[in-house]
Amino acid sequence: VLENAVSVIVAKTNNRQDYEKRAAENLKLKHPEDVVANILSFSSKYSHLGVKEFAQKSSAFLENKSLQFDSLYHGPSVVRKMYVELAKISGLTYVLRDILKERTITETKNAIGVLQSLALVDLHLGFYEEAFVIYNKLIDDLDQKDAETLFLGSIAAMGSNHPENAAVLLKLTNIKNRTNYEARFG
């Protein structure tokens, strides 16, 4: 799985669309219901399209109900970022927000990934106060003190006019990860 995903990324970086498509399709064949495999396959097929056509294809892709969303809710942050970015491009961010808000109510086992996804969507939509509340819950109540969560929490704090909180979160981000240039700049 990792080998195919890395192959897709390397091919994309080197502008080898033919190889990228093959590697993405191999990944999708091995994991037909996986969100990441499907997003990489989709991207390799349609990245050459104009913005309007790509957005239309993205919308149809995101409405696919057969995908397994466990990796969106409980997987690595890259999955959330990819999916939220695709939702943003397709104009379905509000729909995704509604789905995630519903999921926060029904999630009984581990709501951390769902909350992280919802907070990221809120940031993209400019709902900074809502994102700030979620990031506070993640950091304070659910002990999610990784550099990415702290940094995104600082962005939400800035957007919701809580500069003191933003400064503290940026400082904590910088302590956790000295290579985070955005945190250093902040």
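Presented here is an overview of the structure given in this document.

Conventions used here
Residues numbered from 1 in each chain as written. Predicted model: local features only at pLDDT ≥ 70, side-chain atom pairs only at ≥ 80, totals over all residues. Heavy atoms only, no water. Phe/Tyr/Trp six-rings, centres within 6.5 Å; stacked < 30°, edge-to-face > 60°. Helix = DSSP H or I, 4+ residues; strand = E, 2+ residues; numbered from the N terminus. Buried < 20%, exposed > 50% of the residue type's maximum accessible area, 1.4 Å probe, protein only. Expected span 1.5 Å × (residues − 1). Polar contact = N/O pair within 3.5 Å; in protein donor to acceptor, adjacent residues only side chain to side chain. Contact = heavy atoms within 4.5 Å. Patch = residues over 30% accessible without salt bridge, like charges linked within 9 Å, V, L, I, M, F, W, Y side chains within 5 Å. Areas by Shrake-Rupley, 256 points an atom, 1.4 Å probe, with all protein chains shown as cover. Salt bridge = Lys/Arg side-chain N within 4 Å of Asp/Glu carboxyl O.

**With respect to the packing of aromatic side chains**
Moving on, step 1. By the definition in use, this model includes four aromatic pairs.
Moving on, step 2. For the pair Phe-42 and Phe-61, a centre-to-centre distance of 4.9 Å together with 25° between the ring planes defines the contact as stacked. Here Phe-61 lies in helix H4 (residues 51-62) and Phe-42 lies in helix H3 (residues 35-46), a separation of 19 residues in the sequence.
Moving on, step 3. The buried category is assigned to Phe-61, whose relative accessible area is 10%.
Moving on, step 4. Measuring from ring centre to ring centre gives 6.1 Å for Tyr-94 and Phe-127, while their planes differ by 70°; the resulting arrangement is edge-to-face. Highlighted residues: Tyr-94 in helix H7 (residues 93-106) and Phe-127 in the loop between helix H8 (112-125) and helix H9 (128-141), separated in sequence by 33 residues.
Moving on, step 5. The class for Tyr-94 is partly exposed, based on a relative accessible area of 48%.
Moving on, step 6. One aromatic cluster is present, formed by Phe-42, Tyr-46, Phe-54 and Phe-61 through successive ring pairs.

**Regarding helix H10 (residues 147-159)**
Moving on, step 1. Taking 1.5 Å as the rise per residue, H10 with 13 residues should run 18 Å; its terminal C-alpha atoms sit 18 Å apart, in good agreement.
Moving on, step 2. Residues Ala-147, Thr-149, Leu-150, Phe-151, Leu-152, Gly-153, Ser-154, Ala-156 and Ala-157 constitute the buried set of H10.
Moving on, step 3. Positive backbone phi, approximately 65°, marks Asn-161, located one or two places after H10.

**Some details on the side chain of Glu-107**
Moving on, step 1. Summarising the element assignment, Glu-107 is placed in the loop between H7 and H8.
Moving on, step 2. The buried category is assigned to Glu-107, whose relative accessible area is 12%.
Moving on, step 3. Among the polar contacts listed, one links the side chain of Glu-107 to the backbone nitrogen of Asn-110, at a separation of 3.4 Å.

**Here's the deal with the environment of Arg-80**
Moving on, step 1. Tracing the chain through its elements places Arg-80 in helix H6 (residues 77-90).
Moving on, step 2. Arg-80 gets classed as buried once you look at its relative accessible area, which sits at 7%.
Moving on, step 3. With 44 residues separating them in the primary sequence, Arg-80 and Val-36 have C-alpha atoms 9.5 Å apart.
Moving on, step 4. Discounting residues that sit within four places of it in the chain, Arg-80 has contacts with Leu-72, Tyr-73, Gly-75, Gly-113, Gln-116, Ser-117 and Leu-120.

**What to know about H8**
Moving on, step 1. Compared with the 20 Å implied by 1.5 Å per residue over 14 residues, the 20 Å span of H8 between its first and last C-alpha is a close match.
Moving on, step 2. With 13 of 14 residues buried, H8 is to be regarded as a mostly interior element.
Moving on, step 3. Remark: Gly-126 follows H8 within two positions and exhibits a positive phi of approximately 85°.

**Re the environment of Ala-24**
Moving on, step 1. Within the secondary structure, Ala-24 sits in helix H2 (residues 17-30).
Moving on, step 2. Taking relative accessible area as the criterion, Ala-24 reaches 0% and is therefore assigned buried.
Moving on, step 3. C-alpha separation for the pair Ala-24 and Asp-141, spaced 117 residues apart in sequence, amounts to 38 Å.
Moving on, step 4. Discounting chain neighbours no more than four positions away, the residues touching Ala-24 are Val-8, Ala-37, Leu-40, Ser-41 and Ser-44.

**Things to note about a nonpolar patch on the surface**
Moving on, step 1. Together, Val-168, Leu-172 and Ile-175 make up a nonpolar patch on the protein surface, roughly 260 Å² of accessible area in all.
Moving on, step 2. For Ile-175, the position within the fold is in helix H11 (residues 163-176).

**Overview of the pattern of salt bridges**
Moving on, step 1. Overall, the coordinates contain six salt bridges when judged by the stated rule.
Moving on, step 2. We note a salt bridge from Asp-18 to Arg-16, for which the minimum N-O separation is 3.7 Å.
Moving on, step 3. Since its relative accessible area comes to 44%, Asp-18 is described here as partly exposed.
Moving on, step 4. Arg-97 serves as the salt-bridge partner of Asp-122, at 2.5 Å between the closest nitrogen and oxygen. A residue pair is termed long-range when its members are at least 10 positions apart, and Asp-122 in helix H8 and Arg-97 in helix H7 qualify at 25 residues. As far as burial versus exposure is concerned, Asp-122 and Arg-97 are alike and both buried.

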